[in-house]
Amino acid sequence: MNPALTNIPLFPLSGHVLPGGTMRLRIFEPRYLRMVREVCAKGDEGRIGMCMFNEHGSVEENTHIYPLATLARVIDFEHRDDGLLGITVEGVEACKINQISVDEDGLRRGQVELAHNWQPTALAEQYQHLAERLCQVYHEYPELGSCPTEDRLRCARWVCQRWLELLPLTADVKQELLNQPSCEPALDYLSGLIQESEN
């Protein structure tokens, strides 16, 4: 195991960020404030394991954390008016958590390995409506960031990952789709959802 992939602090959430995506967070628990200080002290090499929370799992047995996660880096932070620390993280690489340990203050750490990430392929014509609708969503909700570039909208993996972040799908569904060897099953699933919502 690469030493850089051991002792990774884990942050389980109900919201999700995948490689290529960004997420804004409010940090207030002491263990997570410590996590941010630790990660930022490592500079660009610092990583947080952004995990999907399993509501059916056990906190005591650490099964409340799904195995597929995203290694993310902190790209911005601010001290908010409400006294909380605000950070923005960017998803860098998909990873799989193999082992979890717990610090005295409850911060979880993982031994992780890089997971397969879907290969970047061109978005097929039959899924173009996913890119078009995604662009509309970015226009309607500017807090998501600037409208995606044409290069990103032509990438099936990128479009698929952004929809998986945005849609209120259960974590177990996302885990199942992300475990597939390509993004095509996810594209089929997402295409059906978007078409249903527009009918």
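Only a predicted model underlies this, so the values are computations on that prediction, with no experimental measurement involved.

Applying the stated criterion to the full structure yields one aromatic pair. Ring geometry for phenylalanine 11 versus tyrosine 32: centroids 4.4 Å apart, planes at 25 degrees, classification stacked. With phenylalanine 11 in strand E1 (residues 8-13) and tyrosine 32 in helix H1 (residues 30-41), this residue pair connects regions lying 21 residues apart in the sequence. Judged on exposure class, the residue phenylalanine 11 and its partner tyrosine 32 are both buried. The ring of tryptophan 158 is capped by arginine 162, whose NZ or CZ atom sits 5.0 Å from the centre of that ring.

With the rule as written, the count across this model stands at zero disulfides. The structure places no disulfide on cysteine 183, whose sulfur is separated from the nearest cysteine sulfur, that of cysteine 160, by 5.2 Å.

Turning to the layout of surface pockets, a few remarks are in order. Roughly 690 Å³ of internal volume is contained in the largest pocket. Along its surface, the largest pocket is lined by 26 residues, and Gly21, Thr22, Met23, Glu143 and Leu144 are the ones closest to its centre. When contributions to the lining of the largest pocket are tallied by element, the ones reaching two or more residues are strand E2 (22-27), strand E5 (85-102) and helix H4 (156-166). The residue inventory of the lining of the largest pocket, partitioned by class, reads eleven nonpolar, nine polar and six charged.

About the criteria used
- Residues numbered from 1 in each chain as written.
- Predicted model: local features only at pLDDT ≥ 70, side-chain atom pairs only at ≥ 80, totals over all residues.
- Heavy atoms only, no water.
- Phe/Tyr/Trp six-rings, centres within 6.5 Å; stacked < 30°, edge-to-face > 60°.
- Helix = DSSP H or I, 4+ residues; strand = E, 2+ residues; numbered from the N terminus.
- Buried < 20%, exposed > 50% of the residue type's maximum accessible area, 1.4 Å probe, protein only.
- Lys NZ or Arg CZ within 6 Å of the ring centre and 35° of its normal.
- Disulfide = S-S within 2.5 Å.
- 1 Å grid on protein atoms, 1.4 Å probe; cavity = no way out; pocket = protein on both sides within 12 Å on 5 of 7 lines; lining within 4 Å.
- Points joined across faces, edges and corners; volume = space filled by probe spheres on them.
- Nonpolar A, V, L, I, M, F, W, Y, C, P; charged D, E, K, R; others polar.

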